[in-house]
Amino acid sequence: MTQYVDTKIRANLTYLGDIDALERFATGLLAVAEKASTITAMWQSMPLKMQMHRHSTMCPYLPMGAPSVTPSGHTSLPFDAIEGQVRTHVEQYAQLAATLQSAAERILRAYSIYSDSEQRARRIVNEMVEFAIERFPIGSSFFLAGASVFIPFIGLVDEGEFTPASYSHELWWFQDGIVSGYGSVLSGVPMSAGLKSLFKKIGSSSGKMPGGIDVSRLFDPKTLDALEWKDVVENLFHTDEANEAAGQFTKLGGSFVDRVQGSDVNVYEIHPRKPLEKPETIADAYRNIELLNGPSTSPGYATICIQRLERPDGKRAWIVTLPDSDGHPDSPCSVNQIVPLMSDSSRQRLDSESVKFAREAMKQAGVKKGDDVVLIGGSQGGLTAASMASGISSEYDFLHVVTASAPIANHPIPGNTYVTSVEMETDPLTALDGAQNPVRESWLTVQGMNSRTPSPTSTPVEGTGDHLEQPTGMNYQRAAWQNATEAGSPAVEEHERHFQEATQGELVGTYFYQGRIE
């Protein structure tokens, strides 16, 4: 058995014209499909009724409707022919209903018609969850802990088994609110009276944090007293609570980490056994993300791939593929770099070792100010790409950013940069920002949902087994993008066209770089 992926496509398609008319047309198709299904059910009951008539005493001269004993001068109805015609009608109406429903669903999916209303409902629910956690963090924690006890049983009902993946599969609709709520509590704005009291005690101490951070200033009692219901209500209209918390953690621990680990990044070129081919399509870009993180391309430490293109007009362009975390503490792509990359401060994001690594690698490869650049990255590489596109857009012309499994909703990427994101709904990493990606013409988000049961529109995922899994691998992201391309969405086609335009030109050089923190 394998896993399957279905997707929703989130994009702004108002530039195409009257989307409301398309919605009315699709709704009409669904109504006709429902009527066809009703007629199908009526025809399905006809063979049984014909059998009842055939074996009834409807005609006293026709014993049990048997043509072999029909008296002279009488005749029998052609029951066999009638039943055959009835079954033909059943098949025809069933096929008509299925065709109409499929057409309507494809229109709704391709044009993202229901995604906005669904997202609004989801936002309301998650804001309510966030509100509860902000005001009653301890009580909410006990409630969530208690609820988690029942998740294994829900997983048994839904999937027939329980695995650790059941938690994210059952909570995915609420995970933004959970992350945002605890992000608000951890960042200190706003917080409950109990935590205020605790932090007041901490603030009254004379202790110092590493890097000379004054605890009493960080937890100023006057500031804590000012946090009232007004702050909670205002906070509900924001979606960057998790990023605020990341910024606070970066302030607290950044100086300490730099002193222990170092803050300088030594970047050097390597020559892997298997170089990457130029990505001609977005599917190729996702393939390259997977290959870049493999041992043949990134031996030992995370590796950046920079490809130089020569345009037909002689202008240079670059494709920069950024790696995921590699697990080495002295690597600029270590897991602890996720926190500064998630910060709400552009300065903190740009000061992260991951961004320093990428900028120095681009400099060594010969990328000049004002050059056209396409950024590609999965997971932590996607965070690095979004941090660069939102923070140094004045240095380079970032034409297109392609990410997979990256929580970048609150990174302020300029509207003239195309962003193509693939996220699996039940992937915990994509929920770290506690928000949904913006919806605009230049930002397309493909949201995938994995299941062990195929649907008429699902795409199988390579390399998967019998049990429900966390969809963190690039095999899931690639299957989700394939599923989206098969939907016939104008938004997907537009982003594909723009990516091919942004990467046009002859590949004249491919360079690979690794780094160490010193």
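Everything quoted here is computed from the prediction, not taken from an experiment.

Counting its regular elements, the chain contains 20 helices and 12 strands. Going through the 518 residues of the chain one by one, you find that 48% of them count as buried. Considering only residue pairs separated by 6 or more positions, the chain has 77% of its internal contacts joining residues 24 or more positions apart. Accessible surface for the chain amounts to roughly 24200 Å². Of this, 59% is attributable to carbon and sulfur atoms.

With that settled, consider the packing of aromatic side chains. Following the criterion strictly, the structure yields two aromatic pairs and no others. Pairing Tyr-286 with Trp-481 gives two aromatic rings, centres 6.1 Å apart and planes at 55°, and the pair type is tilted. A residue pair is termed long-range when its members are at least 10 positions apart, and Tyr-286 in helix 14 (residues 282-292) and Trp-481 in helix 19 (residues 474-485) qualify at 195 residues. Summarising the burial analysis for this pair, Tyr-286 and Trp-481 share the class buried. Aromatic pair Tyr-396 and Phe-398: ring centres 5.8 Å apart, planes at 65°, arrangement edge-to-face. Of the two residues examined, Tyr-396 and Phe-398, each falls in the buried class. A cation over a ring is seen here: Arg-516 above Tyr-301, with NZ or CZ 3.3 Å from the ring centre.

Tracing the sequence through the fold places Ser-405 in the loop between strand 8 (397-404) and strand 9 (418-424). Setting aside residues up to four positions removed in sequence, Ser-405 forms contacts with Ser-379, Val-422, Asp-427, Leu-429, Thr-430 and Gln-477.

What the rule picks out here adds up to 12 salt bridges. Here Glu-290 and Arg-478 are joined by a salt bridge, their closest N and O atoms 2.7 Å apart. Of this pair, Glu-290 sits in helix 14 while Arg-478 is found in helix 19, placing the two residues 188 residues apart along the sequence. With a relative accessible area of 32%, Glu-290 lands in the partly exposed category.

Our focus in this paragraph is the sheet that holds strand 8. Spatial ordering of the open sheet is given by 4-12-5-6-7-8-9-10-1-11, a layout of 10 strands whose pairing is mixed. Single-partner strands in this sheet number two, and they are strand 4 (265-270) and strand 11 (459-461). Averaged over neighbouring strand pairs, the angle between their axes works out to 25° when direction is ignored. On the sheet, helix 14 packs against strand 5 (304-310), strand 6 (316-322), strand 7 (372-378), strand 8, strand 9 and strand 12 (506-517) and is oriented at approximately 65° with respect to strand 8.

Their axes nearest at 9 Å, the elements helix 17 (residues 353-365) and helix 18 (residues 380-391) cross at an angle of 70°. Viewed along their axes, helix 17 and helix 18 adopt a mutual orientation that is roughly perpendicular. Contact with helix 17, carried on its side by Ser-354, Val-355, Ala-358, Arg-359 and Met-362, involves Gln-380, Thr-384, Ser-387 and Met-388 of helix 18 and no other residues of that element. When the residues that make up the contact of helix 17 with helix 18 are grouped by side-chain class, the tally is four nonpolar, four polar and one charged.

So, on to the packing of helix 14 against helix 19. The contact between helix 14 and helix 19 brings their axes to 10 Å, and the two run at 175°. Comparing the axis directions of helix 14 and helix 19 gives the class roughly antiparallel. Residues Ile-282, Ala-283, Tyr-286, Arg-287, Ile-289 and Glu-290 of helix 14 form the contact with helix 19, whose own contacting residues are Met-474, Asn-475, Arg-478 and Trp-481. Here the residues of the contact of helix 14 with helix 19 are counted per class, giving six nonpolar, one polar and three charged.

The rolling of a water-molecule-sized probe over the atoms marks out the regions of remaining empty space. The final tally for this structure, using the stated rule, is two cavities of 30 Å³ or more. Taken together, Arg-122, Gln-175, Asp-176, Glu-423, Met-424, Glu-425, Thr-430, Ala-431, Ala-435, Gln-436, Asn-437 and Gln-447 make up the lining of the largest cavity. Looking at the lining of the largest cavity, the elements that each hand over two or more residues are helix 8 (175-187) and strand 9. Each residue belonging to the lining of the largest cavity can be placed in one class, and the counts come to three nonpolar, five polar and four charged.

Here the focus is the nonpolar core. Ranked by internal contacts, the top residues of the largest apolar core, which has 37 residues, are Ile-306, Val-373, Leu-375 and Met-388. For this core, the secondary-structure elements that each account for two or more residues are strand 5, strand 6, helix 15 (338-341), helix 17, strand 7, helix 18 and strand 8. Sorting elements by how many residues they give to this core places helix 17 first, with six residues. Met-388 has contacts with Leu-322, Val-355, Ala-358, Arg-359, Met-362, Leu-375, Ser-393 and Phe-398, leaving out every residue within four places of it along the chain.

A contiguous nonpolar patch, built from Val-149, Phe-150 and Ile-154 and spanning about 290 Å² of accessible area, is present on the exposed surface. Checked against the element boundaries, Val-149 lands in the loop between helix 5 (137-148) and helix 6 (151-159).

Next up on the list: the environment of Cys-305. Here Cys-305 lies in strand 5. Apart from residues no more than four positions distant in its own chain, Cys-305 is found in contact with Leu-276, Leu-292, Ile-319, Val-320, Thr-321, Thr-510, Tyr-511 and Phe-512.

Pairing analysis gives six bridges linking strand 4 to strand 12, with the strands arranged antiparallel. For Asn-266, the partnering residue across the bridge sits in strand 12 and is Arg-516. Note that strand 5 and strand 12 share seven bridges and pair antiparallel. Its bridge partner lying in strand 12, Leu-309 is registered against Leu-507.

The phi angle at Ser-379 is positive, at roughly 60°, despite the residue not being glycine. Among the secondary structure elements, Ser-379 is positioned in the loop between strand 7 and helix 18. Residue Ser-405 is not a glycine yet carries a positive backbone phi of 55°.

Conventions adopted
For every chain, the first residue of its written sequence is number 1, and the numbers climb from 1 along that sequence. Only residues with pLDDT of at least 70 get local features here, since the model is predicted, and only at 80 or more are side-chain atom pairs given and counted; chain-wide, interface and lining totals rely on the full set of residues. Computation of side-chain values covers all heavy atoms of the structure but excludes hydrogens and water. Strands here mean DSSP runs of E at least two residues long; helices mean DSSP runs of H or I at least four residues long; both are numbered from the N terminus. A 1.4 Å probe rolled over the protein chains alone gives each residue an accessible area, and that area as a share of the maximum for its type sets the label: buried under 20%, exposed over 50%, partly exposed in between. Should any heavy atoms of two residues lie within 4.5 Å, those residues are counted as being in contact. Residue exposure ignores everything except the shown protein chains as possible cover, and the areas themselves are Shrake-Rupley values with a 1.4 Å probe. Each pair of aromatic rings taken from Phe, Tyr and Trp, with Trp reduced to its six-membered ring, is defined by centres within 6.5 Å and is described as stacked if the planes are under 30 degrees apart, edge-to-face if over 60, and tilted in the remaining cases. Charge-over-ring placement is defined geometrically: NZ (Lys) or CZ (Arg) within 6 Å of the ring centre, and within 35 degrees of the ring normal. Salt bridges are defined as contacts in which a side-chain nitrogen from Lys or Arg sits within 4 Å of a carboxyl oxygen from Asp or Glu. Any two strands with at least two DSSP bridges between them are considered paired. Fitting a line to C-alpha atoms yields each axis, with helices limited to the stretch in contact; the angle taken between N-to-C directions then spans 0 to 180 degrees. When describing relative orientation, an angle under 35 degrees is termed roughly parallel and one over 145 degrees roughly antiparallel, while 65 to 115 degrees is termed roughly perpendicular and anything else oblique. Residue polarity is assigned by list, with Asp, Glu, Lys and Arg as charged and Ala, Val, Leu, Ile, Met, Phe, Trp, Tyr, Cys and Pro as nonpolar; anything else, Gly included, falls into the polar class. With a 1 Å grid spanning the protein atoms alone, the term cavity applies to any set of points in which a 1.4 Å probe fits but cannot get out, the term pocket to an open set with protein on both sides within 12 Å along at least five of seven lines, and the term lining residue to any residue with an atom within 4 Å of a point. Grid points are joined across faces, edges and corners, and a volume is the space filled by probe spheres set on the points. To form a nonpolar core, buried Ala, Val, Leu, Ile, Met, Phe, Trp, Tyr and Cys residues must be joined to one another through side-chain atoms within 4.5 Å. Patch membership is restricted to residues that have no salt bridge and whose relative accessible area is over 30%. Joining uses 9 Å for like charges and 5 Å for the nonpolar side chains Val, Leu, Ile, Met, Phe, Trp and Tyr.

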